[in-house]
Amino acid sequence: MATNAQKYCEELYARVVERNANEPEFHQAVQEVLESLVCVLERYPEYIDLGIVERMVEPERQIIFRVPWTDDLGKVQINRGFRIQFNSAIGPYKGGIRFHPSVYGGIMKFLGFEQVFKNSLTGLPIGGAKGGADFEPKGKSDAEVMRFCQSFMTELYRHIGQDVDVPAGDIGVGGREVGYMFGQYKRIKNAYEAGVLTGKGLTYGGSLARTQATGYGTVYFADEMIRAKGMSFAGKTVLVSGSGNVALYATQKVQELGGKVVAMSDSNGYVYDPDGICFATMKQLKEVERGRISEYLKQRPNAQYHKGCSGIWTIPCDIALPCATQNEITEADARILVKNGCKAVAEGANMPTDLAGTKVFIEAGVLFAPGKASNAGGVATSALEMTQNSMRLAWTFEEVDAKLKNIMVNIYKNASKAAEEYGHKDNLVVGANIAGFLKVAEAMKAQGLV
Ligand code: NDP
Ligand code: 2IT
């Protein structure tokens, strides 16, 4: 028989679907969390009475705005900008900005919702938010990107602040875009609020190791997870999807730990390099030249290029690190990975494995690290950037990297402890959701009905 908590979660899920029609990514993120929380609500029914979970699936504030700009031909262009301020129970809103043509409310909400749990897991005082625009940075000149960022910030500035809401990068937003947005914010406010954005350049308040943090953190987490089961990266064959910020630095760290990354991808296709991906070539191609991954073959003629990004999962591997985008590993991809002997998956991207794919991995006993735990190193290091900005000093690369590693190890420990405590030993999906939830829920309870 269904318990009260089970019925409550099912009814709440149905209401979320109804109230957020046509937003399947948001439904997916909520469904996974609600399934994990049933056992918590059975133990603490007061969270039902206080409406904690009902409040958590409803963003505190959603901002949608017009972003007008002119392209290099002088033509007027209009995009749609978003900031979803999801939950501020444990700190100022915090989360990235995504510029990608696929951006719409459902993607913004799923990312904002996951960010709440992720930020809680870091142990640092940051609430959850996400923002972005349906802007395509690919093929745009620097001047166009600058005008877009300035227009975007001309509206966003009134909603953010170093103690209010602190955006950072995500897909399509890196150091260049953060720089243009920071410049415009500072100009409008006539104040040097260094902590209003993170992922800044090193000459104006950025933190050492923030660029590397998400990728490095994902591998630190994966390393901790596999070491608990007697494995290591040394000599392992690894697939890394994507070739952006997260994928690049995950690749570099895997190589430092003795693993061999044989394939990377972008949205058009993937490269397989039997000698192991050359990090320097890939970094130059993607970070500096902003080229397509197919061009990797110019420098590495032994490599092969294949069209279609999902083909990467057909390559036999020991460990897979999806670092591109949501739902890039489907049930069918997961089955192929398992069949080919994949033993561990750590998500560098947000929600890269769909619900059916996740189930396949867990049932097959594949060690599985959900993104909200394993990719939390990026936002954790953003919070360390905020700390340095408040103190008006800068830590060394080694200091930041050591703190990052420590945070990732703690997230692993807390998620696996919560999983075990609630009868789901080794299920880090459930463990991360529970551990992330409890801190936010306690803070909300203490702060009353707001
Ligand atoms: P980047 O823009 O630097 O890189 C994104 C990469 O993913 C590119 O290789 C891109 O290919 C590929 N990609 C993007 N969209 C798609 C798509 N629809 N289909 C296939 N491939 C796609 O972004 P990041 O590396 O910063 O972000 C990657 C993932 O990591 C995202 O899920 C993001 O939310 C998550 N993340 C990022 C953090 C950060 O600190 N940056 C922190 C935590 C999570 P192409 O160039 O062809 O578009
Ligand atoms: O998804 C994420 O955690 C990020 N894009 C990083 C957010 C941040 O504030 O650094």
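Scroll up a little and you will see the structure.
Report follows, based on the coordinates. (Residues numbered from 1 in each chain as written. Chains lettered and ligands numbered in written order. Predicted model: local features only at pLDDT ≥ 70, side-chain atom pairs only at ≥ 80, totals over all residues. Heavy atoms only, no water.)

1. Focus on the packing of helix 9 (residues 245-256) against helix 10 (residues 279-288)
Rules: For every element, the axis is a line fit to its C-alpha atoms; helices are fit only across the contacting stretch, and the angle between N-to-C directions ranges from 0 to 180 degrees. Numbering of helices and strands starts at the N terminus; helices are DSSP runs of H or I of at least 4 residues and strands are runs of E of at least 2. Throughout, the term roughly parallel applies to angles under 35 degrees, roughly antiparallel to angles over 145, roughly perpendicular to angles from 65 to 115, and oblique to all others. We call two residues in contact whenever any of their non-hydrogen atoms come within 4.5 Å of each other. In the scheme used here, Gly and all other residues not listed as nonpolar or charged are polar, with Ala, Val, Leu, Ile, Met, Phe, Trp, Tyr, Cys and Pro taken as nonpolar and Asp, Glu, Lys and Arg as charged.
Relative to each other, helix 9 and helix 10 sit at 170°, their axes nearing to 11 Å. Relative to helix 10, helix 9 is oriented roughly antiparallel. Side by side, helix 9 and helix 10 meet where Leu248, Tyr249, Gln252 and Gln255 of the first sit next to Phe279, Met282, Lys283, Lys286 and Glu287 of the second. Residue composition of the contact of helix 9 with helix 10, grouped by class: four nonpolar, two polar and three charged.

2. A word on the pattern of salt bridges
The test is simple: Any carboxyl oxygen of Asp or Glu within 4 Å of a side-chain nitrogen of Lys or Arg constitutes a salt bridge here. Think of it in three bands: residues with accessible area under 20% of the maximum for their type are buried, residues over 50% are exposed, and the middle band is partly exposed, with areas taken using a 1.4 Å probe on protein chains only.
All chains considered together, the criterion is met by 28 salt bridges. Close ionic contact of Arg15 with Glu54 constitutes a salt bridge, the shortest N to O distance being 3.3 Å. Placement of the pair is Arg15 in helix 1 (residues 4-19) and Glu54 in helix 4 (residues 52-56), with a sequence separation of 39 residues. Residue Arg15 is classed as partly exposed on the basis of its relative accessible area of 37%. Under the relative-accessibility criterion, Glu54 is labelled partly exposed at 32%.

3. Concerning the site of ligand 2
Short version of the rule: Near is defined per residue: the residue qualifies when any heavy atom it owns lies within 4 Å of the molecule or strand. Nitrogen and oxygen atoms within 3.5 Å of one another constitute a polar contact, given that in protein one can donate a hydrogen and the other can accept it, and given that sequence-neighbouring residues count only through two side-chain atoms. Exposure was quantified through the Shrake-Rupley algorithm and a 1.4 Å probe, taking into account, for residues, occlusion by the shown protein chains and nothing else.
Lys94, Lys118, Asp170, Arg210 and Ser382 are the nearest of the 14 residues found near ligand 2. Note that an oxygen atom of ligand 2 is positioned 2.7 Å from one of the side-chain N or O atoms of Lys118. One of the side-chain N or O atoms of Lys130 is found 3.0 Å from an oxygen atom in ligand 2. Protein burial of ligand 2: of its 300 Å² of free accessible surface, 94% is covered by the chains. Those elements that place two or more of their residues in the shell around ligand 2 are strand 3 (93-99), helix 5 (105-121) and helix 15 (377-391).

4. So, helix 16 (residues 397-421)
Basically, it comes down to this: In a helix, the anticipated span is given by 1.5 Å times the number of residues less one.
Across its 25 residues, helix 16 extends 36 Å between first and last C-alpha, which sits within 8% of the 36 Å expected from 1.5 Å per residue. Among the residues of helix 16, Val400, Asp401, Leu404, Ile407, Met408, Val409, Ile411, Tyr412, Ala415, Ser416, Ala418 and Ala419 are the ones counted as buried. Phi for Gly423, located one or two positions after helix 16, is positive at around 80°.

5. What to know about the site of ligand 1
Near ligand 1 there are 26 residues, and of these Asp170, Thr214, Ser267, Arg292 and Asn350 occur at the shortest range. In the environment of ligand 1, an oxygen atom lies 2.7 Å from a nitrogen or oxygen atom belonging to the side chain of Asp170. In this structure, an oxygen atom belonging to ligand 1 sits 2.5 Å away from a side-chain N or O atom of Arg292. If ligand 1 stood free it would expose 890 Å²; the protein chains cover 85% of that surface. Residue assignment for the shell around ligand 1 shows that the elements contributing at least two residues are helix 8 (210-227) and helix 9. In terms of residue class, the shell around ligand 1 is made up of six nonpolar, 13 polar and seven charged.

6. Re empty space enclosed by the protein
In plain terms, the rule: Residues are called lining when one of their atoms sits within 4 Å of a cavity or pocket point, these points coming from a 1 Å grid over the protein atoms alone, where a cavity is a set in which a 1.4 Å probe fits but cannot get out and a pocket is an open set with protein on both sides within 12 Å along at least five of seven lines. Grid points are joined across faces, edges and corners, and a volume is the space filled by probe spheres set on the points.
Applying the stated rule across the entire model yields one cavity of 30 Å³ or more. Roughly 70 Å³ of internal volume is contained in the largest cavity. Lining the largest cavity are Glu32, Glu114, Glu347, Met351, Thr353, Thr358, Phe368, Pro370, Gly371, Lys372 and Val429. In terms of residue class, the lining of the largest cavity is built from four nonpolar, three polar and four charged.

7. Some details on the environment of Asn406
Structurally, Asn406 can be placed in helix 16. For Asn406, a relative accessible area of 46% corresponds to the partly exposed category. C-alpha separation for the pair Asn406 and Phe221, spaced 185 residues apart in sequence, amounts to 9.8 Å.

8. Overview of the packing of helix 2 (residues 24-43) against helix 17 (residues 428-446)
Taken N-terminus to C-terminus, the directions of helix 2 and helix 17 make an angle of 75°; their axes are 9 Å apart at the nearest point. As far as their axial angle goes, helix 17 and helix 2 are roughly perpendicular. Mapping the contact onto sequence places Glu32, Val33, Ser36, Leu37, Cys39 and Val40 in helix 2 and Val429, Val430, Asn433, Ile434, Phe437 and Leu438 in helix 17. Among the residues forming the contact of helix 2 with helix 17, the class breakdown is nine nonpolar, two polar and one charged.

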